[in-house]
Amino acid sequence: MRSRPLLTLRLNTAPVQDIGATPHGVRVTFPIVGGLFEGERLRGKVLPGGDDWTIKRADGVIELDLRITLQTDDGALIHMTFQGIRDDAAAGAPYFRTVPRFETAEPKYAFLNSLLAIGIGEIRADGPVHLIEELL
Amino acid sequence: MDFRFLMTLQIAVGAVQKIGAVPHGTRVTAPIASGHFEGPRLRGKVLPGAGDWTLLRGDGVLELDLRMTLETDDDALIHMTSFGLRHGPPEVIAALARGEQVDPSTYYFRTTPRFETAHPKYAFLNRLVAAASGDRRPEGPIYTIEEIL
């Protein structure tokens, strides 16, 4: 399998909402108040109003379920979601991987509608950063 | 991004159910008659009852939504799902529709499998994200599934 860089996504989050222990695990919602994304083919900002709905399973793995809207620097709106897992107990380093999907009506960015992508996430001091690549 | 081979999955598709034009596109459900999988860390067969719920979108991209149960050769059950996309030049897609064998490098056929199991030996599958490339043969698809490292 081969992949190539699509974009780097930096997210700004508000204080979390600790929903607590629910039937599927411990649910914590991260409101996303903004952010930036940049790649060779697209760049812009993250609109406020998105969230990452996370749930910590009984085996310690956190499942991620993100929905945000991207706005490119030329005004296109892109609906973005990802599902993923974060396993802080993985051997070596935390395993934080996602599968993003995109939907847009803007012809210039229609290539996003027909690709599958994968991401590597990192938690940095100023918020999460996702390195997202297109599956070739 | 780094990948590690997980397994090859070969499935045989039964008679398709053409649901037809629905609000999101054209829906065709493909029951999976049988299948088998093999990799260095797991091997076995696909249990009956699996299916691939496909939707051909207005932009010509086929969305795949596969659900199946894998049974390993040491009797563990693994729930597997995978979302995928398939598209390509019209003449290539037409050849696939006619049941011809087509070079898989001439079209885009990628999926993102997920696994769930209760069996401790295979619990590593609960903690990984995978990606697959597909080869749509006349008798059914062959997926090469890799773990994202």
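Keep in mind that this is a model prediction, so the values were computed, not measured.

The rules we used
- Residues numbered from 1 in each chain as written.
- Chains lettered and ligands numbered in written order.
- Predicted model: local features only at pLDDT ≥ 70, side-chain atom pairs only at ≥ 80, totals over all residues.
- Helix = DSSP H or I, 4+ residues; strand = E, 2+ residues; numbered from the N terminus.
- Rg over C-alpha atoms; globule rule 2.2 N^0.38 Å.
- Buried ≥ 20, exposed ≤ 12 C-beta atoms within 10 Å, placed from the backbone.
- Contact = placed C-beta atoms within 7 Å.
- Nonpolar A, V, L, I, M, F, W, Y, C, P; charged D, E, K, R; others polar.
- Core = buried A, V, L, I, M, F, W, Y, C linked by C-beta atoms within 7 Å.

### Topic: the overall build of chain B
So, step 1. Within chain B, the secondary structure is distributed over 1 helix and 10 strands.
So, step 2. Put simply, chain B runs from its N terminus to its C terminus through helices and strands in the order β-β-β-β-β-β-β-α-β-β-β.
So, step 3. For 149 residues, the compact-globule formula gives about 15 Å, and the C-alpha radius of gyration of chain B, at 15 Å, lands near that figure.
So, step 4. The C-alpha extent of chain B, read off along each of the three principal axes, is 45 × 35 × 30 Å.
So, step 5. Here chain B holds 149 residues, and 33% of them are scored as buried.
So, step 6. Excluding contacts between residues fewer than 6 apart, the proportion of contacts in chain B whose partners are at least 24 apart in sequence is 49%.

### Notes on the interface of chain B and chain A
So, step 1. Each side of the interface is counted separately: chain B has 15 residues, and chain A has 17 residues.
So, step 2. Elements with a contribution of two residues or more to the side of chain B that touches chain A: strand S7 (77-87), strand S8 (108-117), strand S9 (130-137) and strand S10 (140-148) of chain B.
So, step 3. Of the residues that constitute the side of chain B that touches chain A, the class distribution is 7 nonpolar, 4 polar and 4 charged.

### Points about the nonpolar core
So, step 1. Ile118 of chain A together with Ile32, Met68, Val129, Ala130, Ala131 and Ile145 of chain B are the most contacted members of the largest nonpolar core, which totals 55 residues.
So, step 2. In terms of residues, this core owes the most to one element, strand S1 (residues 3-13) of chain B, which gives 5 residues.
So, step 3. The contacts of Met68 of chain B, once residues within four sequence positions are left out, are Ile32, Val46, Ala50 and Met80 of chain B.

### A few points about the environment of Ile32 of chain A
All names here are of chain A.
So, step 1. Summarising the element assignment, Ile32 is placed in strand S3 (residues 25-38).
So, step 2. A sequence separation of 33 residues divides Ile32 from Asp65, and the C-alpha atoms of the two residues are 12 Å apart.
So, step 3. Not counting residues up to four positions away in its chain, the partners in contact with Ile32 are Leu11, Asn12, Thr13, Val46, Gly50, Asp51, Asp52 and Ile68.

Distances and angles like these do not, on their own, reveal function.
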